[in-house]
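Listed below are the residues making up each chain.
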Amino acid sequence: MPAYNASKYIRLAINSVINQTYDDWELIIVDDGSIDATSEIVKEYLLRDNRIQYYYQENGKQGKARNLAIAKAKGEYLAFLDADDLWLPKKLEEQLYEITNKNVDLVFSNSYIIYDVFEAKENKRMNIPNGVFYSEKDLISFLEGNKIPILTVLVKKEKVIAVGGFTEDLEIQNVEDYHLWLKLLMTDCVFYSSGNVLAEYRVHNDSATTNDRQALDKIPAAFFDLLKQYPSYKIQIRRELKIKFKLFYKRNLFTKSELSIWIKKNTQYLSKLPMSYFYLFFNFLFPTKVTKRFLIYFLNA
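If you're wondering where the values come from, they're calculated on a predicted model, not measured in any experiment. For every chain, the first residue of the written sequence is number 1, and numbering continues from 1 onward in sequence order. Restriction of local features to residues with pLDDT of at least 70 applies here, the model being predicted, together with a cutoff of 80 or more for giving and counting side-chain atom pairs; totals for whole chains, interfaces and linings are based on all residues. Only heavy atoms go into the side-chain values, all of them from the structure, while hydrogens and water stay out.

A.B. asks: Tell me what's going on with the pairing of strand β9 (residues 191-202), and back it up with residues and numbers.
C.D. replies: Note on classification: 1.4 Å probe, protein chains only; a residue is buried when its accessible area is under 20% of the maximum for its type, exposed when over 50%, partly exposed between these limits. In this text, helices come from DSSP runs of H or I with a minimum length of four residues, and strands from runs of E with a minimum of two, each type numbered from the N-terminal end. Counting buried residues along β9, eleven of its twelve residues qualify, which places the element largely inside the surrounding structure. Relative to β9, strand β5 (residues 86-87) runs antiparallel, the two sharing two bridges. When the sheet's bridge partners are listed, Leu-86 is paired in β9 with Glu-200. DSSP calls a pair of strands paired once it identifies at least 2 bridges connecting them. Judged from the seven bridges that link them, strand β6 (residues 106-114) and β9 form a sheet pairing that is parallel. What sits directly across from Val-107, in β9, is Tyr-192. The pairing of strand β7 (residues 131-133) with β9 spans three bridges and is classified as antiparallel. Bridged to Gly-131 within β9 is Ser-193.

A.B. asks: Tell me what's going on with the nonpolar core, and back it up with residues and numbers.
C.D. replies: Definition of nonpolar core: a set of buried residues of the types Ala, Val, Leu, Ile, Met, Phe, Trp, Tyr and Cys, connected through side-chain atoms within 4.5 Å. In this structure, Ile-10, Ile-29, Trp-181, Phe-191 and Phe-223 are the most contacted members of the largest nonpolar core, which totals 83 residues. Sorting elements by how many residues they give to this core places helix α8 (residues 212-229) first, with nine residues. Of all hydrophobic cores here, the second largest spans six residues; its members include Leu-96, Ile-99, Val-107 and Leu-154.

Shown next, in the form of structure tokens:
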């Protein structure tokens, strides 16, 4: 459980782990440089439950915090919970049964969405696919968008370690979980989703993924890293990378300096860096909306 200035919600998150029907768990909390009362709250629980561990690190973002917890974990499986989210009581029990009986590497589920309230709402659920996922067709579907809420995952620890765990690259934080799922699929792991609702995902002003643009900003860097690690999937990744850039340009407004930064990234990620000079010059001469059209219809065609 990574925690950064989480004093408002962390009691609820910890209690949702304590209330699991399966009780042979360890909860590893990594304080990611909090300056509020997070550490004091966690230390209260340390006195009451020896299954809970606490570690502090200077602020290094989610990937680094999760990797520290993985390094400390003793169990065969990993499950993830942010300090502002909740597990429903049978989450671990049901998923341990699934991962062993379905003979898969990772299981995930549906989740309620809550908006700074604590009651699950039947009409607020994530749109999570059901089934078994392992094929190239499934990979292409997952490249189109993240389909796995991290708070609903249970995964074999050895598989996560084999692909290097979560990236700690700051350019990929806020989508480091999506990056990990894709690495696992590209190394022949098998996923399963039952569609059962086993968690509650909280949306609030301070949550890491509240800002959609912030997450969308990170996906091209994540895909570029995957291109370098898994060149055998170059065609599939580049196809989706172009689509991501098109959507990014269509949805956002830019100053000339901001767009210049993205021109450099776009050309680099598509291995067309020499073309950056042309688009940068074009951006210097014309309004950004004109340059964006050229980037959409020519560079990312």
